[in-house]
Amino acid sequence: DSGVTQTPKHLITATGQRVTLRCSPRSGDLSVYWYQQSLDQGLQFLIQYYNGEERAKGNILERFSAQQFPDLHSELNLSSLELGDSALYFCASSVSTGGDTGELFFGEGSRLTVL
Amino acid sequence: GESVGLHLPTLSVQEGDNSIINCAYSNSASDYFIWYKQESGKGPQFIIDIRSNMDKRQGQRVTVLLNKTVKHLSLQIAATQPGDSAVYFCAENIVGGAQKLVFGQGTRLTINP
């Protein structure tokens, strides 16, 4: 158990819909990262937050947005869903306060299926 | 641009043999590298990391080698066990740069009994 909690574990929805994925980082970790993993693909970095503020942005679509709340949990919002958005979405956290990323602790992921 | 890739998408080894998983990176500014293991249905799990001021780092049954000249990273697993079956990802980071890890495509390691 990494200490990172993601909900829901599975989600099935239709094209055009909007979903919210939730992540609770490990206790004490200030940084939260979101990654997308498509079938047989590597992990694509989406976005990072540190202590409530956006720190880095990757290949995140404009239809996607995220935020980190004062209690440090984070939500990833996916809107106007398309079939190609079906993937595993991972949240990770670290104690990183700067410099290198350090060890990331990943949650179990949220599997999104868009029909 | 940034890219991290793996030479082989799959690797099969006999139980008890040593495994070597390779990774090539193209960003010469990357100075921190991590290997992750992802078992089926689970999130990636940290195995070992190495900074660019090192050539080799050893852990428990695992060794990471870094060759900055050819931008190559490898993970050696000694005496592989069935529990080592997983997908292995290398990832790179630029210390002090954007706080993100760039992951490779992954190598699926299968252990044959």
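A brief look at the structure comes next. (Residues numbered from 1 in each chain as written. Chains lettered and ligands numbered in written order. Predicted model: local features only at pLDDT ≥ 70, side-chain atom pairs only at ≥ 80, totals over all residues. Heavy atoms only, no water.)

### A short note on the pairing of strand 9 (residues 87–94) of chain A
Residue and element names in this part refer to chain A.
Then, in step 1: Where burial is concerned, most of strand 9 is hidden: 8 out of the 8 residues are buried.
Then, in step 2: Residues A87, Y89, C91 and S93 line one face of strand 9 and the alternating positions L88, F90, A92 and S94 line the opposite face, and both faces are buried.
Then, in step 3: Relative to strand 11 (residues 110–114), strand 9 is paired through 3 bridges, and the arrangement is antiparallel. Looking at the pairing, L88 lines up with R111 of strand 11.
Then, in step 4: Direction of pairing for strand 9 relative to strand 10 (residues 105–106): antiparallel, over a ladder of 2 bridges. Bridge pairing in strand 10 places A92 opposite F106. (Buried < 20%, exposed > 50% of the residue type's maximum accessible area, 1.4 Å probe, protein only. Helix = DSSP H or I, 4+ residues; strand = E, 2+ residues; numbered from the N terminus. Pairing = 2+ DSSP bridges.)

### Quick word on the environment of B:C23
Then, in step 1: Residue position: B:C23 is located in strand 3 (residues 19–25).
Then, in step 2: The spacing of B:C23 and B:A78 is 55 residues in sequence and 18 Å in space, taken between C-alpha atoms.

### Considering the sheet that holds strand 1 (residues 5–7) of chain A
Residue and element names in this part refer to chain A.
Then, in step 1: Sheet architecture is open: 4 strands sit in the order 1-3-8-7, paired in antiparallel fashion. Of all the strands in the sheet, just strand 1 and strand 7 (64–68) have a single pairing partner and so form its edges. Pairs of neighbouring strands in the sheet enclose a mean axial angle of 15°, with direction left out of account.
Then, in step 2: As paired strands, strand 3 (residues 19–24) and strand 8 (residues 74–78) are joined by 5 bridges and run antiparallel to one another. (Axes fitted to C-alpha atoms, helices over the stretch in contact; angles between N-to-C directions.)

### Some points on the pattern of salt bridges
Close approach of charged atoms lets side chains of opposite charge pair.
Then, in step 1: Applying the stated criterion across every chain yields a total of 6 salt bridges over all chains.
Then, in step 2: Between A:R63 and A:E82 there is a salt bridge, with its nearest N and O atoms 3.7 Å apart. One end of the pair, A:R63, is in the loop between strand 6 (53–57) and strand 7; the other, A:E82, is in the loop between strand 8 and strand 9, and 19 residues separate them in sequence.
Then, in step 3: Under the relative-accessibility criterion, A:E82 is labelled partly exposed at 43%.
Then, in step 4: Residues B:D84 and B:R61 are paired through a salt bridge, measuring 2.9 Å at the closest nitrogen-oxygen approach. On the criterion of sequence distance, the pair formed by B:D84 in the loop between strand 8 (72–77) and strand 9 (86–93) and B:R61 in the loop between strand 6 (56–58) and strand 7 (62–67) is long-range, its members being 23 residues apart.
Then, in step 5: The exposure class assigned to B:D84 is buried, which follows from its relative accessible area of 6%.
Then, in step 6: Each of A:R63, A:E82 and A:D85 takes part in salt bridges that share partners, so that together they form one network. (Salt bridge = Lys/Arg side-chain N within 4 Å of Asp/Glu carboxyl O.)

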